[in-house]
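Working through the structure, step by step
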Amino acid sequence: MWHTFLSERLQQARGQDAVRVREANGGADGRTVLINDQRVINFSGNDYLGLSRHPAVIRAWCDSTAQFGVGSGGSGHVTGYTTAHQSLEQMLADWLGFDRAILFVSGFSANQAVITALMQAGDHLICDKLAHASIMEAAMHSPAEFTRFHHNDTNHLSTRLHRTQHDSGKALVITEGIFSMDGDTAPLLEIRTLTRQHNSWLMVDDAHGIGVCGAEGKGSCDAAGIHPDILIVTFGKAVGVSGAAVLCNAQTADYLTQYARHLIYSTTFPAAQTCALYAAIQEIQRGDHLRERLADNIHTFRQQAAHLPLQLLPSSSAIQPLIAGDNATALALSHYLQARGLWVKAIRPPTVPPGTARLRITITSAHQKADITLLTEALDAFCCQYRSGE
Ligand SMILES: *Cc1c(COP(=O)(O)O)cnc(C)c1O
């Protein structure tokens with residue numbers, strides 16, 4: 001029975017050029033990655049500012065192991081919470097303008113925890129249609145009524161909120177600062193106005209905005225001039241490390257400390273990681289030069305890619321999706337580029353909507369101009385070949 005179930009599901013995945021594989025890399029230097037002894041330029045990571053290899057961040061991690069060791073030894077509710085965790089939470093709260101910050105092992109678990117702890121039967125959970133899988137996962141399992149609004153469509157959101165008007169349940173709207181697969185930004189100011197009008201709370205997941213936009217890299221909400229009720233920041237992208245934090249008011253933080261099961265029943269991440277995060281955020285605060293280099297590289301890429309006969313989504317962020325359409329073309333493109341020393345992974349449904357398989361190209365501050373030219377020339381060559389082959 002088990003064998004039949006598994007083999008049928010696996011067969012389904014293979015049939016649609018949809019099977020997912022993990023390719024092991026043999027180390028990275030921020031700009032390139034080693035795969036099967038071939039050094040390739042990385043255009044698929046989320047280390048937008050190159051901080052995962054920053055000497056000050058690495059030193060902070062290593063130095064603190066003498067004091068704290070390598071493992072936290074328990075949940076923060078038992079023994080895992082150190083003065084290093086406390087300092088980082090305090091620093092994040094002060095920097096981003098919230099009463100409190102609470103650290104989580106990952107963005108995925110932070111989203112699960114917040115949605116699971118806050119939302120009850122009779123409540124309304126209203127999410128942007130393209131919200132991240134970690135939000136959708138929690139929303140689908142929530143006893144609250146779960147609806148989605150068309151991507152970035154404030155009229156549709158308004159209609160959704162209107163329906164909750166005469167209800168006794170609480171309402172929570174969730175969107176992202178910069179969308180992970182499209183690279184576009186949410187109309188945060190309009191959404192904040194709507195949520196205030198309807199007494200709904202707003203939660204913004206700014207996984208891809210923290211570090212790269214706003215003053216000092218404070219993220220999308222700072223750039224839009226809004227203050228959400230709950231802000232999720234993750235540390236695996238521009239911050240260059242791993243982990244996440246939930247920012248909120250004191251009462252909500254007290255509540256989550258009592259009821260967030262992903263916090264209470266999970267080992268806190270190592271204190272050394274916390275020290276690395278502290279150093280990485282200091283680099284972000286004084287990182288205007290990194291953000292300028294990133295913006296410059298994004299501009300170069302968009303200029304060079306504008307003439308390609310493939311749809312480049314209108315994104316001004318580090319995420320530059322090039323739509324291939326079907327899975328087979330997306331995979332062919334990805335393989336073609338890899339053979340030329342360029343690592344660009346194909347992203348296929350269900351991660352993205354059907355028919356929009358794509359290359360999710362990511363630009364970082366560590367890329368050189370020549371890397372970008374190599375990429376756009378290879379894309380051009382592929383398109384010429386593909387066309388003449390038809
Ligand atoms: C990556 C991502 C997450 C998950 O964060 P992890 O720390 O990688 O678990 C959550 N939300 C969004 C929008 C993301 O892009």
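Residues numbered from 1 in each chain as written. Predicted model: local features only at pLDDT ≥ 70, side-chain atom pairs only at ≥ 80, totals over all residues. Heavy atoms only, no water.

**Points about the site of the ligand**
Defined as follows: For this description, a residue counts as near a given molecule or strand if any of its non-hydrogen atoms is within 4 Å of it. Two N or O atoms form a polar contact when they lie within 3.5 Å of each other; inside protein one atom must be a possible hydrogen donor and the other a possible acceptor, and for residues adjacent in sequence the pair counts only when both atoms belong to side chains. The numbering of helices and of strands both runs from the N terminus, where a helix is a DSSP run of H or I of at least 4 residues and a strand a run of E of at least 2.
Lining the immediate environment of the ligand, one finds 13 residues, of which Gly 107, Phe 108, Asp 205, His 208 and Lys 237 sit closest. With respect to the ligand, the side chain of His 208 contributes an N or O atom lying 2.7 Å from an oxygen atom. Within the side chain of Lys 237, one N or O atom sits 2.9 Å away from an oxygen atom of the ligand. Considering each element in turn, the shell around the ligand owes the most residues, three residues, to helix H4 (residues 107–118).

**Remarks on the UniProt feature "modified residue: N6-(pyridoxal phosphate)lysine" (unreviewed entry) in the protein**
Worth spelling out the cut-off: UniProt positions are given in the numbering used here, feature names are shortened, and annotations may be inferred rather than shown by experiment. Remark: exposure states derive from per-residue accessible area (1.4 Å probe, protein chains only) relative to the maximum for the residue type, with buried under 20%, exposed over 50%, and partly exposed in between. Any two residues whose heavy atoms approach within 4.5 Å at even a single point are treated as in contact.
Sequence positions flagged by UniProt for "modified residue: N6-(pyridoxal phosphate)lysine" (unreviewed entry) are, in local numbering, Lys 237. The residue Lys 237 is located in the loop between strand E8 (230–234) and strand E9 (244–248) in this model. By relative accessible area, Lys 237 is classed as buried at 18%. Among residues more than four places away in sequence, those in contact with Lys 237 are Asn 46, Asp 47, Tyr 48, Ala 207 and His 208.

**Things to note about helix H13 (residues 327–339)**
Let me state the cut-off plainly: Expected span of a helix, by definition, is 1.5 Å for each gap between consecutive residues, and there is one gap fewer than residues.
In this model H13 runs 18 Å from its N-terminal to its C-terminal C-alpha over 13 residues, within 8% of the 18 Å that 1.5 Å per residue would give. Asn 327, Thr 329, Ala 330, Leu 331, Leu 333, Ser 334, Tyr 336, Leu 337 and Gln 338 are the residues of H13 that are buried. N-cap assignment for H13: the residue whose side-chain oxygen lies 3.3 Å from the backbone N of Ala 328 is Asp 326. Downstream of H13 by a residue or two, Gly 341 has a phi angle that is positive, lying close to 80°.

**Remarks on a nonpolar patch on the surface**
Our working rule: In this analysis, a patch consists of residues with relative accessible area above 30% that form no salt bridge, clustered at 9 Å for like charges and at 5 Å for the nonpolar side chains Val, Leu, Ile, Met, Phe, Trp and Tyr. All accessibility values rest on the Shrake-Rupley procedure with a 1.4 Å probe; residue burial counts only the protein chains present in the view. Any carboxyl oxygen of Asp or Glu that lies within 4 Å of a side-chain nitrogen of Lys or Arg is treated as forming a salt bridge with it.
Residues Trp 2, Phe 5, Leu 6 and Leu 10 make up a contiguous nonpolar surface patch of about 470 Å² in total accessible area. With respect to the helices and strands, the residue Leu 10 is situated in helix H1 (residues 2–15).

**Things to note about the pattern of salt bridges**
Evaluation of the coordinates by the stated rule reveals ten salt bridges. The closest approach of N and O atoms between Arg 100 and Asp 254, which form a salt bridge, is 3.2 Å. Of this pair, Arg 100 sits in strand E3 (residues 100–104) while Asp 254 sits in helix H9 (residues 250–259); the two residues are 154 residues apart in sequence, bridging distant segments of the chain. For Arg 100, a relative accessible area of 29% gives the class partly exposed. Across the salt bridge formed by Glu 283 and Arg 286, the nearest N and O atoms sit 2.9 Å from each other. Accessibility expressed as a relative area gives 53% for Arg 286, which makes it exposed.

**Regarding the domain arrangement of the protein**
Definition in use: The domain boundaries here were taken from an automatic or database domain assignment. By buried area we mean how much accessible surface two parts lose on assembly, using a 1.4 Å probe and totalling the loss over both. Here the nonpolar group is Ala, Val, Leu, Ile, Met, Phe, Trp, Tyr, Cys and Pro; Asp, Glu, Lys and Arg are the charged ones; every other residue, Gly included, is treated as polar.
Taken domain by domain, the protein holds domain 1 (22–53 + 288–388) and domain 2 (72–269). Look at where the C-alpha atoms of domain 1 and domain 2 centre, and you get two points 28 Å apart. At the junction of the two partners, domain 1 supplies 20 residues and domain 2 supplies 17 residues. Regarding the contact of domain 1 and domain 2, the summed buried area is about 1,300 Å², with carbon and sulfur atoms giving 60% of it. Taken together, domain 1 and domain 2 are joined by one salt bridge. Counting across the domain 1 and domain 2 interface gives eight residue pairs in polar contact (both at pLDDT 80 or more). At the level of elements, helix H12 (288–305), strand E11 (319–325) and strand E14 (357–362) are the ones that each hand at least two residues to the side of domain 1 that touches domain 2. When its residues are assigned to classes, the side of domain 1 that touches domain 2 shows ten nonpolar, six polar and four charged.

**Focus: the UniProt feature "domain: Aminotransferase class I/classII large" (unreviewed entry) in the protein**
The UniProt record marks residues 39–379 with the feature "domain: Aminotransferase class I/classII large" (unreviewed entry), using the residue numbering of this structure. Between the C-alpha atoms that bound residues 39–379 there is a distance of 19 Å. The span itself is 42% helix and 17% strand.

**Observations concerning the packing of aromatic side chains**
What characterises a pair of aromatic rings is the spacing of the ring centres plus the angle enclosed by the ring planes. Selection criterion: Note on aromatic contacts: the rings of Phe and Tyr and the six-membered ring of Trp form a pair at centre separations within 6.5 Å, being stacked when their planes are under 30 degrees apart, edge-to-face when over 60 apart, and tilted otherwise. Here, over-ring charges are defined by two tests on the NZ atom of lysine or the CZ atom of arginine: distance to the ring centre within 6 Å, and angle to the ring normal within 35 degrees.
Scanning the model with the defined rule gives three aromatic pairs in all. Pairing Trp 2 with Phe 5 gives two aromatic rings, centres 6.1 Å apart and planes at 85°, and the pair type is edge-to-face. Here Trp 2 pairs with Phe 5, and both are found in helix H1, just three residues apart, close to one helical turn. Given the relative accessible area of 67%, Trp 2 is considered exposed. If you follow Arg 340 out to its NZ or CZ, it ends over the ring of Tyr 336, 3.6 Å from the centre.

**Examining the packing of H4 against helix H5 (residues 133–141)**
Condition: Helix axes use the C-alpha atoms of the stretch in contact, all axes being lines fitted to C-alpha atoms, and the angles between their N-to-C directions lie in the range 0 to 180 degrees. For classification purposes, angles smaller than 35 degrees are called roughly parallel, those larger than 145 roughly antiparallel, those between 65 and 115 roughly perpendicular, and all remaining angles oblique. Handedness of a helix crossing follows the sense of rotation of the near helix relative to the far helix, less than a right angle counterclockwise being left-handed and clockwise being right-handed.
It is the contact of H4 with H5, at a shortest axis distance of 8 Å, that shows an interaxial angle of 30°. Relative to H5, H4 is oriented roughly parallel. By crossing handedness, the relation of H4 to H5 is classed as right-handed. The segment H4 lies against H5, with Phe 108, Asn 111, Gln 112 and Ile 115 engaging Ser 134, Ile 135, Glu 137, Ala 138 and Ala 139. Tallied by class, the residues present in the contact of H4 with H5 amount to five nonpolar, three polar and one charged.

**Examining the environment of Phe 235**
Following the sequence through the fold, Phe 235 ends up in the loop between E8 and E9. Taking the C-alpha atoms as reference points, Phe 235 and Ser 75, separated by 160 residues in sequence, lie 19 Å from one another. With residues near it in sequence (within four places) discarded, Phe 235 still touches Leu 92, Leu 103, Gly 240, Val 241, Ser 242, Gly 243, Ala 244, Ala 245, Leu 277 and Ile 281.

**A look at the packing of H4 against H9**
Where H4 meets H9, the axes come as close as 10 Å, and the angle between the chain directions of the two elements is 95°. Classified by the interaxial angle, the pair formed by H4 and H9 is roughly perpendicular. Contacts between H4 and H9 pair Val 114, Ala 117 and Leu 118 from the former with Tyr 255, Leu 256 and Tyr 259 from the latter. The residue inventory of the contact of H4 with H9, partitioned by class, reads six nonpolar, no polar and no charged.

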